[in-house]
Amino acid sequence: MRAGSGVPGRPVVELGCQVRFEGRTWTVAGLADGQVRLVAEEGAVAAVLLSLLFADEGFEVLDAPGEPSVPPLGLLESLPEAVRERALAWERHVREVETGRPGGSGAAGPARAEYDPRARTLAQREGAKAAELSAAGMPTSVVTVRRMRARYRREGVWGLVDHRATRPRSVLGRADERVVAALREVLEAGRERSSGTLGRLRMYTERLLAERYGEGVVPLPSSAAFNRLVHALADRSGLLGSARQRRWRSARPAPPFVPTTVMAPGELVMMDSTVLDAFVVLNDGVVERPELTIALDVATRTICAAVLRAKGTRSVDAVQLLAQMMVPAPMRPGWAEALAMEHSVVPYERLLSRDARLEGAAARPVITPQTIVVDQGNVFISSSFIAACESLGISVQPAPPGNGPAKGHVERTFSSINTLFVQHVAAYTASHTGERGKDAEGEAVWTLAQLEDLLQEWIICGWQEREHDGLRHPMMPRCALSPNEMWAALVAVCGYVPVPLGREDYIELMPLKRQKINDYGIRIDHRTYDHKVLNPYRGERSPATDGLWEIHYNPHAPGQVWVRLPKPDQPRGCGWEAVPWIHHTLVSAPFTDFTWQHIKRTVARRADRAQHEHDLALALRELLERAAAGHGTRREKVVAARARTAATGGAVWGILYGQQPEAEADEPEEDIFGGDSEDDEKPLTGDGALSVWPAGHTPVSVSPNGAAQEVGVPAPRHPRVTVYDPFEESLRW
């Protein structure tokens, strides 16, 4: 029971609290009928009207109980059963002392005579309870009963618990704080180092303690206790385990983690590269692990594009992914008809009415990215890749350095590719050398082009048609969807806007340089490019603000570059002209920028620029010829094999073959090499990285500007692309 003081902000008076009245300290023993029964410290008893009590000038509530709170029942359940039962028993005893009933004032049944508040004072009831407990074998004093009552008023049943059982126990035990601090510092310092033993940690900790406090001042615990201390500190923070696990843990952002919600295809696309866990046979019999670069759409889990290259992925390969994503994937010879888009779950007829390029395409979604998440690799943060994304209206979002979880979707996809596809390929290497077979290199039978063809086929029939547990339709949340099914569901809501790419766009997406056109032509990385089309512009400033000319090049085929020159008859007032390397007749075999850099490091300069470039060209030709004949060092064979593979296989620019306008299809191309020498180099398939056909089905004519035409196949039609009307489209789906 309680009574208000009538004054705002004043504490209330309730049973058991102590008050000061008429200069003395009293305990409230009862409240009834507007009166309060007070018991003094020496045992005197007084009955006072509440109005008189509150009106007294010296009135003060000394130990008013705090605000009522809900007892921590969850903590009670965590206690040992004996401790919990003892606290609950004390709760019944305290209630009986204060109200006369063990179940409280609202409990049924009469109160026992020795605890009846109407006949016995609070002090008498406390004494009776102390005597009862002592007779029951639990020696208890009146002071103890009074103390338990005070605890119960402040904390409820939790105040009756024996708090020796609730003391927090540190996982570190009684370890010296100086040892703990030194060990933490040693563990943090070794986060980026190679893994070591616990003995090394003990040695480094002992040295650090000696430097700070002196030799032998702070002793280390025994080896067993030290090892327990190491695990107590390191297991929770990821400071033990392999170096890879420690790096991953340190790169992980601080929780809580907020899931990324993506509702439309292309809204968020992740790109990344990895070395494939399988050997392939490059040219000249060189065996090496290739690099796989993919683009993953988060909304549909679609592998939008994949490029398989020999080691040395360049920014142009990342740009190729953009081209692959936004144009339909053509059906390749030998593929089953079931892989065609018209036989898939996507609404083929409706999409075909918007984009005629889908006719005869494979069942891989065409997705235009809006935002691309990449890591801090040079391939993805290069100026050429950023410029290509900007030209297509794509936002690039770099992930924090070394932060794999920031692009966890694509990292998990690499793991799935490894388990679902790569482990079934001949010459599978496993994820690390400890799991590698005895002669994995000797099992290599697939060339890079063949493995790339198998991978593209598996993506369409193995990945795109496989149910993904993370893909759920809002109307069917219990049913997992495949990437193609998810794309079909989302494209009906978001629509499909085709992005036509032509041969001009192919050049626009290549790496860019801005330079002058000098009398000798254009010099890029000790290679000089020259042609008669440059004559009117030698020494002249370009129309651009900086006065430099825009030059695009392909690192996988540096035999020529493209220069944007004024052309009044063109819609934009300018057009592209291909300019060959002056030594293209001297080096007829394909090479890449990777090969050129190797030659530059091995050939010392002993003459002027022109002679040094000629010496480099001769050394390059000799290297390629030695490697083709099976001679030279292993390093030279690898360099040459990568060059041939990058220049002749695994390229995807031929996807753009369907965008050549009809008016240009039948026009003969100008011979940019002059045409007056039989030794002039013919444009190779790899000079524009145009070939998308597998072995045995290679186009025989390739224009320098990037348009490929197969013999016997009519020129492709101009793509029929219409504007997406969401209101009209909503009535047709």
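Keep in mind the model is a prediction, meaning the values are calculated, not measured.

Draft legend 1. Inspection of the packing of helix H17 (residues 593–602) against helix H18 (residues 609–628) at higher detail. In the contact formed by H17 and H18, the axes pass within 10 Å of each other and the chain directions differ by 115 degrees. With respect to H18, the element H17 is oriented roughly perpendicular. Once H17 is placed against H18, the crossing between them reads as right-handed. Contact with H17, carried on its side by Thr595, Trp596, His598, Ile599 and Lys600, involves Leu616, Ala619, Leu620, Leu623 and Leu624 of H18 and no other residues of that element. Along the lines of polarity and charge, the residues of the contact of H17 with H18 split into seven nonpolar, two polar and one charged.

Draft legend 2. Region of the structure containing the pattern of salt bridges. In this structure the tally under the stated criterion is 26 salt bridges. For Arg95, the salt bridge is made with Glu91, and the minimal N-O distance between the two is 3.0 Å. A residue pair is termed a helical-turn pair when its members lie 3 or 4 positions apart in one helix, as Arg95 and Glu91 do in helix H3 (residues 81–99) at four residues. Looking at Arg95, the relative accessible area reads 29%, which means it is partly exposed. What makes Glu91 buried here is its relative accessible area of 14%. For Arg118, the salt bridge is made with Asp116, and the minimal N-O distance between the two is 3.6 Å.

Draft legend 3. Representation of the environment of Leu620 in the model. Its location among the elements puts Leu620 in helix H18. Using a relative accessible area of 0% as the deciding quantity, one classes Leu620 as buried. It is 8.5 Å that separates the C-alpha atoms of Leu620 and Phe591, two residues lying 29 residues apart in sequence. With near-sequence residues (within four places) excluded, Leu620 lies in contact with Trp581, Val587, Phe591, Thr595, Trp596 and Ile599.

Draft legend 4. Summary view of the sheet that holds strand S11 (residues 291–297). Taking strand neighbours across the sheet as the criterion, the five strands line up as S12-S11-S8-S13-S14 in an open arrangement whose pairing is mixed. In this open sheet, the two edge strands, each paired with only one partner strand, are strand S12 (302–309) and strand S14 (395–398). The mean inter-strand angle of the sheet, taken between neighbouring strand axes irrespective of direction, is 20 degrees. With respect to the sheet, helix H12 (residues 383–391) is in contact with strand S8 (269–275), strand S13 (371–374) and S14, its orientation differing from that of S14 by roughly 140 degrees.

Draft legend 5. Representation of the sheet that holds strand S6 (residues 45–49) within the structure. Taken together, the five strands give an open sheet; going across it, the order is S6-S5-S4-S3-S7, and neighbouring strands pair in antiparallel fashion. Of all the strands in the sheet, just S6 and strand S7 (60–61) have a single pairing partner and so form its edges. Looking at chain direction, strand S5 (residues 35–40) and S6 are connected through five bridges and run antiparallel. From the neighbouring strand, Val39 faces S6, where its bridge partner is Val45.

Draft legend 6. Helix H5 (residues 142–155), seen in detail. The terminal C-alpha atoms of H5, which comprises 14 residues, lie 20 Å apart, in line with the 20 Å expected from a rise of 1.5 Å per residue. Within H5 the residues assigned to the buried category are Thr144, Val145, Met148, Arg149, Ala150, Tyr152 and Arg153. Those residues of H5 that are buried lie in contact with H3 and helix H4 (122–135). Positive backbone phi, approximately 75 degrees, marks Gly156, located one or two places after H5.

Draft legend 7. Geometry of the packing of aromatic side chains. One pass over the full model with this rule turns up eight aromatic pairs. Considering the side-chain rings of Trp581 and Phe591, the 5.6 Å spacing of their centres and the 55 degrees angle between planes classify their relative orientation as tilted. Note that Trp581 is positioned in the loop between strand S22 (574–580) and H17 and Phe591 in the loop between S22 and H17, a separation of ten residues in sequence. Like Trp581, the residue Phe591 is buried in the burial classification. For the ring pair Phe591 and Trp596, a centre distance of 6.4 Å and an interplane angle of 40 degrees mean the geometry is tilted. For the pair shown, Phe591 and Trp596 are each scored as buried. Grouping aromatic residues by their ring pairs yields a cluster made of Phe421, Trp458 and Trp463. Of note, Arg202 hangs over the ring of Phe226, and the distance from its end group to the ring centre comes to 5.4 Å. One Lys or Arg, Arg523, reaches over the ring of Tyr520 and ends 4.2 Å from the middle of that ring.

Draft legend 8. Seen up close, the side chain of Glu126. Considering the arrangement of structural elements, one finds Glu126 in helix H4. Looking at Glu126, the relative accessible area reads 2%, which means it is buried. There is a polar contact of 2.7 Å between the side chain of Glu126 and the side chain of Arg149. Not counting chain neighbours up to four residues away, the residues in contact with Glu126 comprise Val97, Val142, Val145, Arg146 and Arg149.

The rules behind each value
Residues numbered from 1 in each chain as written. Predicted model: local features only at pLDDT ≥ 70, side-chain atom pairs only at ≥ 80, totals over all residues. Heavy atoms only, no water. Axes fitted to C-alpha atoms, helices over the stretch in contact; angles between N-to-C directions. Helix = DSSP H or I, 4+ residues; strand = E, 2+ residues; numbered from the N terminus. Parallel < 35°, antiparallel > 145°, perpendicular 65-115°, else oblique. Left-handed = near helix turned anticlockwise from the far one by under 90°. Contact = heavy atoms within 4.5 Å. Nonpolar A, V, L, I, M, F, W, Y, C, P; charged D, E, K, R; others polar. Salt bridge = Lys/Arg side-chain N within 4 Å of Asp/Glu carboxyl O. Buried < 20%, exposed > 50% of the residue type's maximum accessible area, 1.4 Å probe, protein only. Pairing = 2+ DSSP bridges. Expected span 1.5 Å × (residues − 1). Phe/Tyr/Trp six-rings, centres within 6.5 Å; stacked < 30°, edge-to-face > 60°. Lys NZ or Arg CZ within 6 Å of the ring centre and 35° of its normal. Polar contact = N/O pair within 3.5 Å; in protein donor to acceptor, adjacent residues only side chain to side chain.

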